[in-house]
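Listed below are the residues making up each chain.
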Amino acid sequence: MIRTNEIGAPPGLLKRAAMFDVQKIRQDFPILNQKVHGRPLIYLDNAATSQKPQAVIDTITRYYLEQNANIHRGVHYLSEWATRAYEESRLKAQRFLNATDAREIIFVRGATEAINLVAHSYGLKYITAGDEILISAIEHHSNIVPWQMLCQTTGAILRVAPMNDQGELLLDEYERLLGPRTKLVSLVHVSNALGSLNPIKAMVAMARRWNARVMVDGAQAAPHLAIDVQELDCDFYTFSGHKVFGPTGIGVLYGKREWLEQMPPYQGGGDMIISVSFEKTEYNHLPFKFEAGTPHIAGAIGLGAALDYVNQIGLDTIARYEHDLLAYATEAVAAIPGLRLIGTAREKAGVLGFVLDGVHAHDIGTVLDHAGIAIRAGHHCAMPVMKRLGVPATARASLAFYNTKEEIDALVQGIYKVKEMFD
Ligand code: 7TS
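## Describing the side chain of Lys52
Tracing the backbone shows Lys52 in the loop between strand 3 (42-43) and helix 3 (54-67). There is a polar contact of 2.9 Å between the side chain of Lys52 and the backbone oxygen of His242. Polar side-chain contacts of Lys52 include one of 2.8 Å to the backbone oxygen of Gly246. Residue contacts for Lys52: discarding those within four places in its chain leaves Asp28, Phe29, Pro30, Ile57, His242, Phe245 and Gly246.

Written out as structure tokens, the structure is:
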């Protein structure tokens, strides 16, 4: 297990931090080296999905070229190899989150499936009519809808902790909404629409006073900051592989063992059983109880390669670099007349949302696309955030560690071009 010093970086990586060379890093991402509409690609849609380093692409290719087999069932060489590689990836995910036990790491399709798993499995067993589930005003739809569905089924009540105009949660209000009926709290770590970084550790501690379980949606945190589930003391944590430079279709659900042991399976099928008869089925041990059917083996192994890659650079190095880049981008973009930043929390990661006077966000996205610049425009699967801030949609540039100041300069130029066209 990698232990960190007081500034958070493993000692061996401190030297590498000083040596962070973004141009060198970019060479690891072949997709970045291409033209779109005749212009060099500037990829600023990392919150939707991030690009993959050659090491991940090679790992997946090699798996299908030389190593493909089903896991946990074969006695032959390839099956044993694939099983070992799949389980090694679980250990990598365990270290990535600093979980105490590999049995606490469940492979899922992504953050969406993880939240649905907890809502179904934990929710249907432990939540009853009149109980309260608390979420926040800045959640992605995937951390709203599964809880609404659970409330509809059980008669539980969904409560929502409000935010201020900057996109920061109001902690006093959050604390006031907690109470003896609060059975479960589910919070985003970093908002995908606003970039707000929530003080999760403090929020978990407040929920603990009422003995509520806490789930954290880390889909937008995992690519940007070091995560330690023991320090956060949350009960569940999830992230998606494709946002952390790994493949699509794979993600991780961390759950405290004491809860996972007590929770019923989410899906039934092969691999999640010890024995089956028509009278009775005995479920498998953790983590296999929650991994019915053939999983995304190549995805899990590719995710392991992605986590290795990220660890090699170091999440603290990444966080420092991106912090400077976001500050640079914020200042440059905010200076554009007629532009309003959406999401100005004091603690932010990775996301720059904005609206432009008299121009629809989709038009911004289209004009920038013709300049080779990929951003996202719309409600970002966070319609309640848009409603609360009184905007139909925003343009969103979202950063990764391979983005550069020159790309931000090009974004600013592109926005000026949008203004010219619509003035
Ligand atoms: N939670 C947050 C905070 C997210 O940003 C997303 C995806 C999800 C959950 C769902 O992740 P999935 O991998 O299961 O789909 N967010 C975005 C986005 O901002 N633009 O496209 C997808």
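Back to the text.
## Quick notes on the nonpolar core
Formed by 106 residues in total, the largest nonpolar core has its most connected members in Leu97, Tyr174, Tyr237 and Phe401. A domain-level breakdown of this core finds at least three residues from each of domain 1 (4-52 + 314-418) and domain 2 (57-311). Setting aside residues no more than four positions away along its own chain, Tyr237 makes contact with Leu97, His189, Val216, Gly218, Ala221, Ile227, Val229, Leu232, Val252, Leu253 and Tyr254. Within the second largest apolar cluster, 25 residues are counted, among which are Val118, Ala156, Phe236 and Leu260.

## Describing the pairing of strand 9 (residues 236-240)
Across the five residues that make up strand 9, a large majority, five, are buried. A two-sided burial pattern is seen for strand 9, the buried positions comprising Phe236, Thr238 and Ser240 on one face and Tyr237 and Phe239 on the other. Strand direction decides the pairing type here: strand 8 (residues 213-217) and strand 9, joined by three bridges, are parallel. What sits directly across from Asp217, in strand 9, is Thr238. Of the pairings in the sheet, the one linking strand 9 to strand 10 (residues 251-255) comprises five bridges and is antiparallel in character.

## What about the side chain of Lys256?
By the element assignment, Lys256 lies in the loop between strand 10 and helix 10 (257-262). With relative accessibility at 16%, the residue Lys256 sits in the buried group. Sequence-distant contacts of Lys256, that is, excluding residues within four places in its chain, are made with Glu104, Arg208, Asp233, Cys234 and Asp235.

## Here we look at empty space enclosed by the protein
This structure, assessed with the given rule, holds one cavity of 30 Å³ or more. Of the voids in this model, the largest cavity is the one considered here, and its volume is about 60 Å³. Together, 13 residues line the largest cavity, and Asn46, Ala47, Pro223, His224 and Leu399 are the ones closest to its centre. Classifying every residue of the lining of the largest cavity gives six nonpolar, six polar and one charged. When we break the lining of the largest cavity down by domain, the ones giving at least three residues each are domain 1 (4-52 + 314-418) and domain 2 (57-311).

## Considerations on the site of the ligand
As a matter of local geometry, the ligand sits amid 17 residues, with Thr112, Asp217, Gln220, Ser240 and Arg376 nearest to it. Within the side chain of Asp217, an N or O atom sits 2.5 Å from a nitrogen atom of the ligand. Between His242 and the ligand, the recorded distance is 2.7 Å, taken from a side-chain N or O atom to an oxygen atom. Protein chains shield 87% of the accessible area of the ligand, which is 490 Å² for the free molecule. Within the shell around the ligand, the residues separate by chemical class into five nonpolar, eight polar and four charged. Each of domain 1 (4-52 + 314-418) and domain 2 (57-311) accounts for three or more of the residues forming the shell around the ligand.

## Observations regarding the pattern of salt bridges
Enumeration over the complete set of coordinates arrives at 20 salt bridges. One salt bridge in this structure joins Asp308 and Lys92, with 2.8 Å as the shortest N-O distance. In this pair, Asp308 is assigned in helix 11 (residues 297-313) and Lys92 in helix 4 (residues 77-97), connecting sequence segments 216 residues apart. Judged by its relative accessible area of 34%, Asp308 is partly exposed. Across the pair Asp165 and Arg388 runs a salt bridge, and its minimum N-O distance is 3.0 Å. Here Asp165, found in the loop between strand 6 (157-161) and helix 7 (171-177), pairs with Arg388, found in helix 14 (residues 383-389); they are 223 residues apart in sequence, far enough to count as distant. Exposure remark for Asp165: the relative accessible area of 54% places this residue in the exposed category. Residue class for Arg388 comes out partly exposed when judged on its relative accessible area of 35%.

Cut-offs and rules
- Residue indices follow the written sequence of each chain, beginning from 1 at its first position.
- Side-chain atom pairs in this predicted model are given and counted only at pLDDT of 80 or more, local residue features only at pLDDT of at least 70, and totals for whole chains, interfaces and linings cover all residues.
- The basis for every side-chain value is the complete set of non-hydrogen atoms in the structure, without hydrogens or water.
- Secondary structure elements follow DSSP: runs of H or I no shorter than four residues count as helices, runs of E no shorter than two count as strands, and numbering proceeds from the N terminus.
- By the criterion applied in these results, polar contacts are pairs of N or O atoms within 3.5 Å in which, for protein atoms, one can donate a hydrogen and the other can accept it, and in which residues neighboring in sequence qualify only through two side-chain atoms.
- It only takes one pair of heavy atoms within 4.5 Å for two residues to be counted as in contact.
- Working definition of a nonpolar core: buried Ala, Val, Leu, Ile, Met, Phe, Trp, Tyr and Cys residues. They are joined through side-chain atoms within 4.5 Å.
- In this scheme, a residue with accessible area under 20% of its type's maximum is buried, one over 50% is exposed, and one in between is partly exposed, where area comes from a 1.4 Å probe on protein chains only.
- Residue ranges assigned to each domain were obtained from an automatic or database domain assignment.
- The pairing criterion for strands is at least two bridges between them, as found by DSSP.
- Buried and open spaces are told apart on a 1 Å grid over the protein atoms alone, a cavity being a set of points where a 1.4 Å probe fits but cannot get out and a pocket being an open set with protein on both sides within 12 Å along at least five of seven lines. Residues with an atom within 4 Å of a point are the lining residues.
- Grid points are joined across faces, edges and corners, and a volume is the space filled by probe spheres set on the points.
- Three classes are used, and their members are as follows: Ala, Val, Leu, Ile, Met, Phe, Trp, Tyr, Cys and Pro are nonpolar, Asp, Glu, Lys and Arg are charged, and the others, Gly among them, are polar.
- Any residue with a heavy atom positioned within 4 Å of a molecule or strand is treated as near that molecule or strand.
- Residue exposure ignores everything except the shown protein chains as possible cover, and the areas themselves are Shrake-Rupley values with a 1.4 Å probe.
- Definition used for salt bridges: Asp or Glu carboxyl oxygen within 4 Å of a side-chain nitrogen of Lys or Arg.

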